Amino acid sequence: MTPRGTPRAPRPPAVLLLLLAALAALAVLTAACGKDGSPPVKGPEAGALPTYEVDKDFTLPGSPTWERAKRRGYLTVGAKEDQPYLGEKDPASGAYSGFDIEIARMMSASLGFAPATLRFRTIASANRETALQNGQIDFYVGTYTINDNRKKLVGFAGPYYLAGQGLLVRADENDIKGPQDLAGKRVCSAAGSTPYQRIQKDYPKADLVAYDTYSVCVDNLLTYQVDAVTTDDAILIGYAAKVPEELKVVGKPFSQEPYGIGVPKNDNALRFALDDALAAREKNGDWKKAYQATLGLSGVPAPEPPAIDRYPAS
Ligand code: GLU
C-alpha cells in the first residue's frame, strides 16, 4: 500500500511528456503538409525573388518619358509603401517589395534599365494623376485601377491583375457581412480611390471617412475608431494576414478592379512598350514567378493574368 502523502511514482508524467512530444511532432508534420500531404500553400521564401533579364539593346525614341529617364540615368517609379504583399517599404533598409514592385522591376528590365537604375517613390492614391502629369515619376505601379475617368488624365498599360472591392472588419464583428450592412457604420478608405467613390455613390448611408492610406484606416479599425475598412481584396488580405486573430475579410468581392501601369497620358509609345513587355513576361513565366514570390504567399494560387487592353493611341 502506498503511504499517504507519498508522491505518486514518476512514471505517469514521463509517459505523458512522451505522449505530448509525439503529439507535437505530429502537429508539426500535419502543418508542414497540406490536407492531401502536399506542401503548405506558400510560395518560395520572400528572399527568393526572381531576377529579370535586362534588355540592354532596348531603345524607345518615340517616348519622351523613356528618353528623359535614359538621359538622367535612372527610372523613377511611383508605388505604395504600406500594402503587404503588393507594395511595402522596409523602414530599416528603405527597400520596396511586393507584387507591384516585381511588376515594376520586370517592366524596367524590359525597358533596358538594370535593377540599380530603378528608384521607387511612394505616391498615395489621391496623388497618382498629378505625379504622372508633372513628371515626378516615369510610371506608376500600385494597385491602380484602370477606368475611363482616370484615362482622361493618364494612360494605362495592362491590366496585369484583377482585384475586387472587399471589406475588412475586426475578428469579433458579426453584423457586417457585405456592403449592404454598412448603413450607419463607420467605414474607412483612401481618398481618391475607386472603393471610396463606390461606397459614396452606391451605399450613401455608410458613415464614410477617408485617409491618405489604408494602413491608417487599419490602425483606426484596430482601435475601434471605425467599423470597417474597404478597398481591394488583394490589399485587405495582406492586412488580415498580419494579425489574423484580430482582423478578417468578409463577404464576396463587389467590384472589378483591373490593375494597370499608369503612364503620362500622351506617351503612347511608353504605354505600348509596357503592354508588349507585360505580354512577354506573362509568356516567359516571369509574371507567375513574381506572383508566387509575393502575393501568392497569402495563400491564393496564381490566377491567369487578365487580357491586356491595348487601346488605341489617344
Ligand atoms: N484599386 C483601387 C484604386 O485604384 C484601390 C486601391 C488604391 O487606392 O490604390 O483606387
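My aim in this report is to walk through the structure given alongside it, one point at a time. (Residues numbered from 1 in each chain as written. Predicted model: local features only at pLDDT ≥ 70, side-chain atom pairs only at ≥ 80, totals over all residues. Heavy atoms only, no water.)

Looking at the site of the ligand
Stated precisely, the cut-off is as follows: One heavy atom suffices: a residue is near a molecule or strand as soon as one of its heavy atoms comes within 4 Å of it. Here a polar contact is taken to be a pair of N or O atoms separated by no more than 3.5 Å, where protein atoms must pair a possible hydrogen donor with a possible acceptor and residues adjacent in sequence count only if both atoms sit in side chains. Using a 1.4 Å probe, accessible areas were evaluated by the Shrake-Rupley method; residue-level cover was limited to the displayed protein chains. Under the convention adopted here, Pro, Cys and the residues Ala, Val, Leu, Ile, Met, Phe, Trp and Tyr are nonpolar, Asp, Glu, Lys and Arg are charged, and Gly plus all remaining residues are polar.
Taken together, 17 residues form the shell around the ligand, and within it Lys80, Ser125, Thr145, Tyr214 and Asp232 come nearest. Interatomic distance of 2.8 Å between a backbone N/O atom of Thr194 and an oxygen atom of the ligand. In this structure, Tyr214 approaches the ligand through a side-chain N or O atom, which is 2.6 Å from an oxygen atom. Contact with the protein chains removes 100% of the 280 Å² of surface that the ligand exposes when unbound. Along the lines of polarity and charge, the residues of the shell around the ligand split into 5 nonpolar, 7 polar and 5 charged.

Comments concerning helix α8 (residues 233-242)
Operational definition: Accessibility here uses a 1.4 Å probe with only protein chains present; expressed as a share of the type maximum, an area under 20% marks a residue as buried, one over 50% as exposed, and anything in between as partly exposed. In this description a helix means any DSSP run of H or I spanning at least four residues, a strand means any run of E spanning at least two, and both kinds are numbered starting from the N terminus.
Summarising burial for α8: 7 of the 10 residues are buried, a large majority. If you check which residues of α8 are buried, you get Asp233, Ala234, Ile235, Leu236, Gly238, Tyr239 and Ala240.

Some thoughts on the pattern of salt bridges
Side chains that carry opposite charge are capable of pairing whenever their charged atoms lie near each other. Rules: Salt bridges, as used here, are contacts in which a Lys or Arg side-chain nitrogen is within 4 Å of a carboxyl oxygen on Asp or Glu.
Under the criterion given, the structure shown has 15 salt bridges. Of the charged contacts, one joins Arg68 and Asp138 as a salt bridge, the two residues approaching to 3.1 Å between their closest N and O atoms. In this pair, Arg68 is assigned in helix α2 (residues 64-72) and Asp138 in the loop between α4 (128-133) and β6 (139-140), connecting sequence segments 70 residues apart. For Asp286, the salt bridge goes to Arg281, with nearest N and O atoms at 2.8 Å. Residue Arg281 is classed as buried on the basis of its relative accessible area, which comes to 7%.

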